[in-house]
Amino acid sequence: MAQSPCVHGATESEILVKFKSSLSNASALNNWDGNSNSPCNWVGVRCNDDGTVGLLRLEKMSLAGLIDLDTLVGLPGLRSLSLMNNSFQGPMPAVSKLSSLKILYLSYNNFSGDIPSDAFSGMYSLKKLYMARNNFTGQIPTSLATLTKLVELVLQGNQFEGNIPDFQHKFDVLDLSNNHLEGPIPSALGDSSPAFLAGNKDLCGKPLQPCKSNDKKKKRIVILIIVVVVSLAALLVAIAAISSYFRGRQREAAAQAKMGHNKYSQKQFVNEAQSTEYPAQTKKAAQNGKLHFVRNDRERFELQDLLRASAEVLGSGSFGSSYKARLLSGSTMVVKRFRQMSNVGKEEFQEHMKRLGMLSHPNLLPLVAFYFRKEEKLLVSDFIDNGSLASHLHSNNPNPRLDWPTRLKIIRGVARGLAYLFKQFPNTALPHGHLKSSNVLVDDTFEPILTDYALFPVVNRDLAQQVMVAYKSPDERKNRKTDVWSLGILILEMLTGKFPANYLKQGSGSGANGDLGTWVNSVVREEWTGEVFDKEMRGGKNGEGEMLKLLKIGMCCCESNVERRWDLREAVEKIEELKERDGDYDDMSSYGSEGDVYSSRAMTEDDFSFSVNGS
């Protein structure tokens, strides 16, 4: 891998070793060796395609000491730096020296003190900034408001004070909770969740309570206005008295008539005020603050326990943001925030959530609790530490544990979970509706766990049409075979290691780059080139026949013609019949290098016992 020359002729390996020398408690970086030609395999280091260092992820290593940013300036390709969950102390590092950073994580350290207002000047590429749970004081740096690409900003759990900078754009993720901020919230942040502005008792404006005009300047203006009005009123009273004296009883009678009219108007206003449903609104607000549990096998906690818990943003998905919350009891939950469910009524939503809470299957992530408000909903579930299938398949360094037996195990579990949903929702057009690799979690044993399932009935239809996987299918009418299509695409994704371009557009596509099923089908029709199977999928030399069978199943599941597409029952039966190994390939001479799972021999359409006219 190529080395990138840096300042003063130092290699990137030498630069990182020098950076390490400024740290204390750096035993976790033992393999940072200056004699190595390339740092790309060092702990916490990831490289760009050209061999330059692009990411430093030094998290949970008990690191302390000096953060030598002057040395890191010598890494021209560095775009992501994470020092989360360490023991760094002192003032905010001069991060603007790394002006090309896109991602900066400093949360869960012991940084303290005020941050200069220009601390982030010139960092125009910065997209994500996380500085939660430190001891920063003073005002939030105004230079952050100049960074138009900044879409994720998490500053919760510090001691920031004063006004929020005048941000002119919306954020995908914004958490300023539990500080000492005050004053009006910028209008661009008016759609933010109140929970992520909570804990700042003097903040006001949308989405929190309206601002009150109680500052000293406004008080002086109000007092001045009152003085002027009172003076004018006294003058008018005097004039009215003199006029009344000269006009006599006729003027007095007119005044009395006018007074009677005013009394009627005043009484009418009081009656109208009493007719409002203020007590009912108060009761409704109290109910809105309640967390509803749908399972009896989980510990009980309050909504405020979640809001006060140590939280970490997991990401922003199609429906909204997800947060990892660690309760004081030690339990870790995932809170998903949904804002596009406003078209469903409260009773209908509650009934559907209770139905989800009754589901029980080892391949489904159970719903634990929910929170209902017209503008947004929160769904609470267990936290799965090992992440999603997509993260293991498509990271820069694919997980070596994703060998053929593991991938078969995952597909089998996904099929079982989907079959359970089909059984529990016999009259629902889309029992899952959003099946994709990022919605398949895997536990420590790589057992798959489906999430974001059965939400189609409660998601606003316009959003569903934009983001749900079901609407990426070629089907004009969405039905239960649409979920089968999603399963087929997932199977092909697992076998090829390619990300499905289907998810980037609506409906069916054409051409090798437009549709994963189309690409696989074209390869099969021409010849078996060895390119179809993921080269990272090891351990399947003795199971190529079974892998080929699964490929056939996947193609039959994502057949573009709905009439010819398999139903789920047939697909599950065929998947359950698959084995990790087959006995038909004893001659290893037909295979590539050791560990490869693809054959160099040509395969023709005769090898398939069914039509391959797929999507």
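Above this text you will find the structure in question.
Just so we're clear, the structure is a prediction, and the values are computed from it rather than from any experiment.

Procedures and definitions
Residues numbered from 1 in each chain as written. Predicted model: local features only at pLDDT ≥ 70, side-chain atom pairs only at ≥ 80, totals over all residues. Heavy atoms only, no water. Phe/Tyr/Trp six-rings, centres within 6.5 Å; stacked < 30°, edge-to-face > 60°. Buried < 20%, exposed > 50% of the residue type's maximum accessible area, 1.4 Å probe, protein only. Lys NZ or Arg CZ within 6 Å of the ring centre and 35° of its normal. Helix = DSSP H or I, 4+ residues; strand = E, 2+ residues; numbered from the N terminus. Contact = heavy atoms within 4.5 Å. Disulfide = S-S within 2.5 Å. Pairing = 2+ DSSP bridges. Axes fitted to C-alpha atoms, helices over the stretch in contact; angles between N-to-C directions. 1 Å grid on protein atoms, 1.4 Å probe; cavity = no way out; pocket = protein on both sides within 12 Å on 5 of 7 lines; lining within 4 Å. Points joined across faces, edges and corners; volume = space filled by probe spheres on them. Nonpolar A, V, L, I, M, F, W, Y, C, P; charged D, E, K, R; others polar. Expected span 1.5 Å × (residues − 1). Polar contact = N/O pair within 3.5 Å; in protein donor to acceptor, adjacent residues only side chain to side chain. Core = buried A, V, L, I, M, F, W, Y, C linked by side-chain atoms within 4.5 Å.

**Q** How would you sum up the packing of aromatic side chains? Please name residues and give values.
**A** Across all of its chains, the model carries 11 aromatic pairs by this definition. Centre to centre, the rings of Phe293 and Phe301 are 5.0 Å apart; their planes meet at 80°, and the pair counts as edge-to-face. Exposure class is identical for Phe293 and Phe301. Each is buried. The structure contains a cluster of three or more aromatic residues connected by ring pairs, namely Phe88, Phe111, Phe136 and Phe160. Taking the ring centre of Phe349 as reference, the NZ or CZ of Lys377 above it sits at 5.7 Å. In this arrangement the basic side chain of Lys498 is found over the ring face of Trp519, its NZ or CZ atom lying 4.8 Å from the centre.

**Q** Please set out the environment of Gln340 residue by residue, giving values where relevant.
**A** Following the sequence through the fold, Gln340 ends up in the loop between β19 (332–338) and α7 (346–357). Distance in space between the C-alpha atoms of Gln340 and Gly320 is 8.5 Å, their sequence separation being 20 residues. When neighbours within four sequence positions are excluded, Gln340 is seen to be in contact with Val458, Val459, Asn460 and Leu463.

**Q** Which residues make up the state of the cysteines, and what values go with them?
**A** Two cysteines whose sulfur atoms are joined by a covalent bond form what is called a disulfide. Enumeration according to the criterion identifies two disulfides in this entry. The disulfide partner of Cys40 is Cys47, and the gap between their sulfur atoms is 2.0 Å. Its S-S torsion of about -95° marks the bond between Cys40 and Cys47 as left-handed, since a negative value means left-handed. Classification of Cys40 by relative accessible area gives buried; the value is 11%. Here Cys204 connects covalently by a disulfide to Cys211, the sulfurs 2.0 Å from one another. Disulfide Cys204 to Cys211: torsion about the S-S bond roughly 95°, handedness right-handed. Relative accessible area serves as the criterion here: at 11%, Cys204 is assigned to the buried category. Cysteine Cys558 remains unbridged, with the sulfur of Cys557 as its closest cysteine sulfur at 7.4 Å.

**Q** Could you give me a rundown of the sheet that holds strand β20 (residues 367–372), with the residues and numbers involved?
**A** Reading across from one edge, β16-β20-β21-β19-β18-β17 is the order of the six strands in this open sheet, with antiparallel pairing throughout. Of all strands in the sheet, those with a lone pairing partner are β16 (292–293) and β17 (310–316), marking the two edges. Taken together, the six bridges between β17 and strand β18 (residues 321–326) define a ladder with antiparallel strand orientation. Across the sheet, the residue bridging to Ala311 is Ala325, located in β18. Contacts between α7 and the sheet are confined to β16, β20 and β21 (377–382), with β20 contributing the most and set at about 170° to the helix.

**Q** Describe in detail empty space enclosed by the protein, supporting the description with residues and values.
**A** Under the counting rule described, the total for this entry stands at four cavities of 30 Å³ or more. In this structure, the largest cavity spans a volume of roughly 210 Å³. Of all the elements in the fold, those that place two or more residues in the lining of the largest cavity are α6 (303–308) and β18. The element best represented in the lining of the largest cavity is α6, accounting for three residues. Grouping the constituent residues of the lining of the largest cavity by class yields 11 nonpolar, four polar and two charged. Its boundaries defined by the atoms lining it, the second largest cavity holds a volume of some 160 Å³. Looking at the second largest cavity, the residues that line it are Lys336, Phe338, Leu356, Leu365, Pro366, Leu367, Leu379, Ser381, Thr451, Asp452, Tyr453 and Leu455. Elements that contribute at least two residues to the lining of the second largest cavity include exactly β19 and β21. Here the lining of the second largest cavity is built from residues that sort into eight nonpolar, two polar and two charged.

**Q** Please set out the sheet that holds strand β10 (residues 135–137) residue by residue, giving values where relevant.
**A** Reading across from one edge, β6-β8-β10 is the order of the three strands in this open sheet, with parallel pairing throughout. Strand pairing shows two members of the sheet lacking a second neighbour, β6 (89–90) and β10, which therefore form its edges. Bridge analysis of β6 against strand β8 (residues 110–114) gives two bridges, and the strand direction is parallel. When the bridges of β8 are listed, Gln89 appears paired with Asn110.

**Q** Now, about helix α9 (residues 404–424): what can you tell me, with residues and values included?
**A** Helical periodicity: at 3.6 residues per turn, an α-helix aligns residues three or four positions apart in one direction. Helix length check: α9 (21 residues) gives 30 Å between terminal C-alpha atoms against 30 Å at 1.5 Å per residue, within 8%. Most of α9 sits out of view: 15 of its 21 residues are buried.

**Q** Any chance you could break down the layout of surface pockets for me, citing the residues and the numbers?
**A** One simple way to see leftover space: roll a probe sized like a water molecule over the atoms. Put simply, the second largest pocket is a space of about 500 Å³. Counting only elements with at least two residues in the lining of the second largest pocket, the list comes to β13 (173–175) and β18.

**Q** Give me the environment of Asn439: which residues, what numbers.
**A** When you line up the elements, Asn439 lands in the loop between α9 and β22 (440–442). Judged by relative accessible area, which is 5%, Asn439 ranks as buried. Considering only alpha carbons, one finds Asn439 and Thr451, 12 residues apart in sequence, at a separation of 5.3 Å. Setting aside residues no more than four positions away along its own chain, Asn439 makes contact with His434, Ile449, Leu450, Thr451 and Asp452. Among the polar contacts made by the side chain of Asn439, one reaches the main-chain carbonyl oxygen of His434 at a distance of 2.8 Å.

**Q** Could you give me a rundown of the nonpolar core, with the residues and numbers involved?
**A** Ranked by internal contacts, the top residues of the largest apolar core, which has 79 residues, are Phe349, Leu356, Leu455 and Leu550. Considering each element in turn, this core owes the most residues, 10 residues, to α9. Grouped together as the second largest cluster of nonpolar side chains are 55 residues, Trp42, Leu58, Leu69 and Leu150 included.

**Q** Report on unusual backbone geometry, specifying residues and quantitative values.
**A** Note that the residue after Lys206, namely Pro207, is joined by a cis bond; omega there is 10°. Its place among the elements puts Pro207 in the loop between β15 (202–204) and α3 (216–247). Here the phi dihedral of Asn178 falls at roughly 55°; this positive angle occurs in a residue that is not glycine. Take Asn178: it is sitting in the loop between β13 and β14 (180–184).

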